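Structure at a glance
Listed here are the chains, written in short residue letters.
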Amino acid sequence: MTNPYVPILVMMGVAGVMALGGVAASAIIGPKRYNRAKLEAYECGIQPTPHAVGGGRFPIKYYLVAMTFIIFDIEVVFLYPWAVNFTELAMFGLVAMMGFLFLITVPFVYEWRRGGFEWE
Amino acid sequence: MIAAMVSSAVPGVVSASVAGAANPGVTADFSQDNGWVWLIKAVVILVFLLLTVLMAIWFERKVVARMQMRPGPNVHGPFGLLQSLADAMKLLLKEDITVKAADKFLYMLAPMISVFCALLTFAVIPFGPSVSIFGIVTPLQLTDVPVAVLYILATASVGVYGIVLGGWSSGSTYPLLGAVRSTAQVISYELAMGLSLVSVFILAGSMSTSQIVATQQQLWWFLPLFPAFIIYVISMIGETNRLPFDLPEAEGELVSGFMTEYSSMKFAWFFLAEYINMVNVSAVVTTLFFGGWRAPWPISAINDGMFNTGWWPVLWFLAKMWLFLFLFVWVRGTLLRLRYDQFMSFGWKVLIPASLGWVVCVAVVQGVRQFTEVDLRTVLIALAVAVLVVVGISFLVPERKPEPGAAGKKAIPPGEFDPFAGGYPVPPMPGQQLPPSPRRARVAAAAPAGAARQVTDSQTEVERG
């Protein structure tokens with residue numbers, strides 16, 4: 001029995017060849033005609049607004065979502081091994097996991113009540 | 001009733017847990033595969049995905065057209081089947097534009113990341129059981145690992161980088177907005193998606209796709225785990241940025257979202273990645289909830305399961321996958337796009353709490369069944385009472401009243417409203433009055449004179465006539 005992860009590498013190779021090949025092919029085949037307006041950022045035909053250095057500022061809401069996401073993503077990652085070994089871990093695993101879920105739910109409810117999920 | 005269904009599925013679980021020692025926890029046997037078999041399978045998967053996408057684009061346009069009482073594409077080839085092929089060829093022959101403000105390297109890399117990650121998922125999707133091809137007995141699946149579903153979720157997550165980097169590196173306003181929206185959307189719905197799968201893993205006892213299919217011998221998981229199935233189907237539409245959740249590329253607001261500045265094959269790669277992702281999530285929901293390649297019930301009973309062997313399962317798998325692709329199109333043809341705040345609060349306030357609660361219910365029921373001697377009916381009744389109590393309490397908790405300060409902050413006195421704040425015309429906030437336009441005074445002043453002139457004009461016309 002060979003390593004079952006090797007075929008994934010083969011798939012990555014095939015996918016990589018295709019991803020690179022397509023872009024390369026269009027770069028070679030496609031025409032190239034210079035036009036100043038074509039290289040401007042698209043803004044429905046008006047003069048493009050000057051772009052802030054470093055991408056500008058964004059509403060804090062997005063950062064809140066990102067932070068909450070990390071907490072829940074870690075929770076999901078902890079849930080998976082427990083779910084797969086549910087029978088082996090038996091009652092201990094069940095009680096421990098319910099406690100863990102409860103501990104995650106408390107700050108979730110707190111953030112909800114404080115309006116962390118309100119979008120205006 | 002749910003518990004009865006679950007208990008009937010247990011023999012399947014037990015029989016499937018006998019697995020090869022070399023690759024623990026995986027049912028499919030890949031012992032006869034070698035490098036050539038892998039390469040052939042990988043290329044076949046690639047071709048399969050490309051053809052499926054070409055078909056899916058045609059299918060979507062045709063079905064949406066029929067739903068809107070239009071004929072849809074019907075010129076190129078029979079029934080317009082070659083329409084998407086013609087579009088792909090056209091994109092290949094177009095100029096590859098790199099806008100001036102773009103970050104050149106990331107701008108080029110982003111579409112490749114998107115399509116690369118989208119192509120990887122099918123490596124672990126089982127099309128069928130083992131078949132014999134030219135003397136080699138091999139499963140209709142490239143490979144399977146004990147953490148196959150985790151691998152699928154991981155490739156989907158990395159694929160988001162394509163969208164984020166593509167929007168950011170364009171150096172343009174609309175793509176940046178589209179990319180940020182898309183990130184928030186995909187990560188929010190990824191959580192609900194990941195949580196809805198936990199209950200499948202609890203029942204199947206594995207994350208290997210071939211073993212999850214093997215455990216669905218008696219009962220497909222969507223029946224006992226119906227709420228998880230619904231949550232998965234909703235979040236898979238959000239995850240692939242499809243209508244009614246296609247906010248990252250809402251045409252009316254953001255032109256084309258993160259792919260506004262792309263052309264030629266780079267645009268084609270984003271487009272291809274979106275459709276491959278649709279095929280991916282349809283294949284995943286088929287594998288995890290709809291019995292994978294297993295034949296539907298009346299057919300599976302014919303002739304001692306004849307239709308579950310050989311090449312037949314490919315047919316069932318494709319039929320189920322296209323069923324979900326049709327669902328995508330049906331939803332697109334039926335529902336309207338959500339507003340961004342509705343969308344986000346639906347994800348965080350409905351889907352995630354619902355999937356968490358469902359995981360707790362499944363875990364408690366399964367735990368009591370497996371680890372204790374308590375009668376299941378009492379447990380279910382107790383659980384139902386507990387859920388009702390929690391729901392009742394949540395109704396009793398008063399809604400947070402808006403603070404008077406917050407309301408006062410918004411209502412700006414009418415006199416302070418500047419309709420041209422910052423040089424751009426802005427609409428008045430609720431409660432504000434639009435100040436009378438200076439133009440109106442001018443028009444009113446000019447009106448008598450204008451009217452008089454008009455009269456004289458018409459009189460001269462009459463005199464001339």
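Residues numbered from 1 in each chain as written. Chains lettered and ligands numbered in written order. Predicted model: local features only at pLDDT ≥ 70, side-chain atom pairs only at ≥ 80, totals over all residues.

**Remarks on the overall build of chain A**
Summing up its helical and strand segments, chain A has three helices and zero strands in all. Tracing chain A from N to C terminus, the helices and strands come up as α-α-α. In chain A, which comprises 120 residues, the proportion classed as buried is 20%. (Helix = DSSP H or I, 4+ residues; strand = E, 2+ residues; numbered from the N terminus. Buried ≥ 20, exposed ≤ 12 C-beta atoms within 10 Å, placed from the backbone.)

**As for the overall build of chain B**
Counting its secondary structure elements, chain B contains 16 helices and two strands. Here chain B holds 465 residues, and the buried ones make up 45% of them. Contacts spanning at least 24 positions in sequence make up 76% of the contacts within chain B whose residues lie at least 6 apart. (Contact = placed C-beta atoms within 7 Å.)

**Details of unusual backbone geometry**
With a phi angle near 55°, A90 of chain A is a residue other than glycine that sits in the positive phi range. Within the fold, A90 of chain A resides in helix α3 (residues 86–113). On the basis of neighbour counts, which here come to 13 C-beta atoms within 10 Å, the residue A90 of chain A falls in the partly exposed class. With phi around 60°, M69 of chain B is a residue other than glycine that occupies positive phi space. In this fold, M69 of chain B is placed in the loop between α2 (35–67) and α3 (83–92). Overall, M69 of chain B belongs to the exposed group, with 6 C-beta atoms counted inside 10 Å.

**Observations regarding the pairing of strand β2 (residues 136–140) of chain B**
Residues and elements named next belong to chain B. The sheet contact formed by strand β1 (residues 128–133) and β2 spans five bridges and is antiparallel. Each residue of the ladder has a partner; that of S130, found in β2, is P139. Between β1 and β2, which pair antiparallel one after the other, the connecting turn spans two residues, and F134 there sits at a positive phi close to 50°. (Pairing = 2+ DSSP bridges.)

**Description of the interface of chain B and chain A**
On the chain A side, the residues contacting the 71 residues of chain B number 59 residues. The element contributing the most residues to the side of chain B that touches chain A is helix α13 (residues 340–371) of chain B, with 14 residues. Across the side of chain B that touches chain A, the residue classes break down as 45 nonpolar, 16 polar and ten charged. (Nonpolar A, V, L, I, M, F, W, Y, C, P; charged D, E, K, R; others polar.)

**Let's talk about the UniProt feature "transmembrane region" (unreviewed entry) in chain A**
All names here are of chain A. The residues that UniProt annotates with the feature "transmembrane region" (unreviewed entry) are residues 6–29, 62–83 and 89–110. Its end C-alpha atoms 34 Å apart, residues 6–29 is made of 100% helix and 0% strand. In the segment residues 89–110, helix accounts for 100% and strand for 0%; the C-alpha atoms at its two ends are 31 Å apart. (UniProt positions renumbered as here; feature names shortened; annotations may be inferred.)

**Digging into the nonpolar core**
Residue and element names in this part refer to chain B. Membership of the largest hydrophobic core comes to 141 residues, with the highest contact counts inside it found for V200 and V285. Of all the elements, helix α6 (residues 173–204) adds the most residues to this core, at 20 residues. Excluding its chain neighbours within four sequence positions, the residues that come into contact with V285 are Y232, V233, M236, F290 and F324. (Core = buried A, V, L, I, M, F, W, Y, C linked by C-beta atoms within 7 Å.)

**Looking at the confidence of the model for chain B**
Residue and element names in this part refer to chain B. Taken as a whole, chain B shows an average pLDDT of 80; of its residues, 84% reach a score of 70 or greater. A low-confidence stretch, residues 1–21 (pLDDT under 50), is modelled with 34 contacts involving residues beyond four sequence positions or located in other chains. When the criterion is pLDDT under 50, residues 461–465 qualifies, and its contacts beyond four places in sequence or with other chains add up to zero contacts. Listed scores for the predicted complex are pTM 0.79 and ipTM 0.86. (pLDDT = per-residue confidence, 0-100.)

**Points about the environment of G292 of chain B**
All names here are of chain B. Considering the arrangement of structural elements, one finds G292 in the loop between α10 (264–289) and α11 (297–300). Taking the C-alpha atoms as reference points, G292 and L380, separated by 88 residues in sequence, lie 29 Å from one another. Not counting chain neighbours up to four residues away, the residues in contact with G292 comprise P126, V213, Q216, T286, T287 and F317.

**Notes on the packing of helix α8 (residues 226–239) of chain B against α10 of chain B**
All names here are of chain B. Between α8 and α10, whose axes approach to 10 Å, the crossing angle comes to 165°. Our classification of the angle between α8 and α10 gives roughly antiparallel. In this structure, α8 meets α10 at a crossing whose hand is right-handed. Side by side, α8 and α10 meet where F229, Y232, V233, M236 and E239 of the first sit next to V281, V285 and F289 of the second. (Axes fitted to C-alpha atoms, helices over the stretch in contact; angles between N-to-C directions. Parallel < 35°, antiparallel > 145°, perpendicular 65-115°, else oblique. Left-handed = near helix turned anticlockwise from the far one by under 90°.)

**A word on α2 of chain B**
For α2 of chain B, which comprises 33 residues, the first-to-last C-alpha distance of 47 Å matches the rise-based estimate of 48 Å (1.5 Å per residue) to within 8%. Buried within α2 of chain B we find W38, K41, A42, I45, L49, T52, V53, A56, W58, E60 and K62 of chain B. Those residues of α2 of chain B that are buried lie in contact with α1 (6–29) of chain A together with α3, α4 (104–120), α10 and α12 (312–334) of chain B. Once α2 of chain B finishes, M69 of chain B follows within two positions and takes phi at roughly 60°, a positive value. (Expected span 1.5 Å × (residues − 1).)

**So, the environment of S300 of chain B**
All names here are of chain B. The residue S300 is located in helix α11 in this model. Exposure remark for S300: the 15 C-beta atoms within 10 Å place this residue in the partly exposed category. For S300, the residues in contact, after removing those within four places along its chain, are R294, A295, G305, F307 and N308.

**Examining α12 of chain B**
Residues and elements named next belong to chain B. Helix length check: α12, at 23 residues, gives a terminal C-alpha distance of 33 Å against a target of 33 Å (1.5 Å per residue), a fit within 8%. All buried positions along α12 are accounted for by P313, W316, F317, K320, M321, F324, L325, F328 and V329. On the buried face of α12, the contacting elements are α2, β1, α8 and α10.

**A closer look at the packing of α2 of chain B against α12 of chain B**
The description of two helices packed together rests on the angle between their axes and the distance between the axes. Residues and elements named next belong to chain B. At a closest axis distance of 10 Å, the pairing of α2 and α12 adopts a crossing angle of 40°. Viewed along their axes, α2 and α12 adopt a mutual orientation that is oblique. Between α2 and α12 lies a crossing of right-handed hand. Contact residues: A56, F59, E60, V63, V64 and M67 in α2; L325, V329, R332 and G333 in α12. In terms of residue class, the contact of α2 with α12 is made up of seven nonpolar, one polar and two charged.

**Notes on the environment of L50 of chain B**
Note on placement: L50 of chain B falls in helix α2. A tally of 16 C-beta atoms within 10 Å means that L50 of chain B is categorised as partly exposed.

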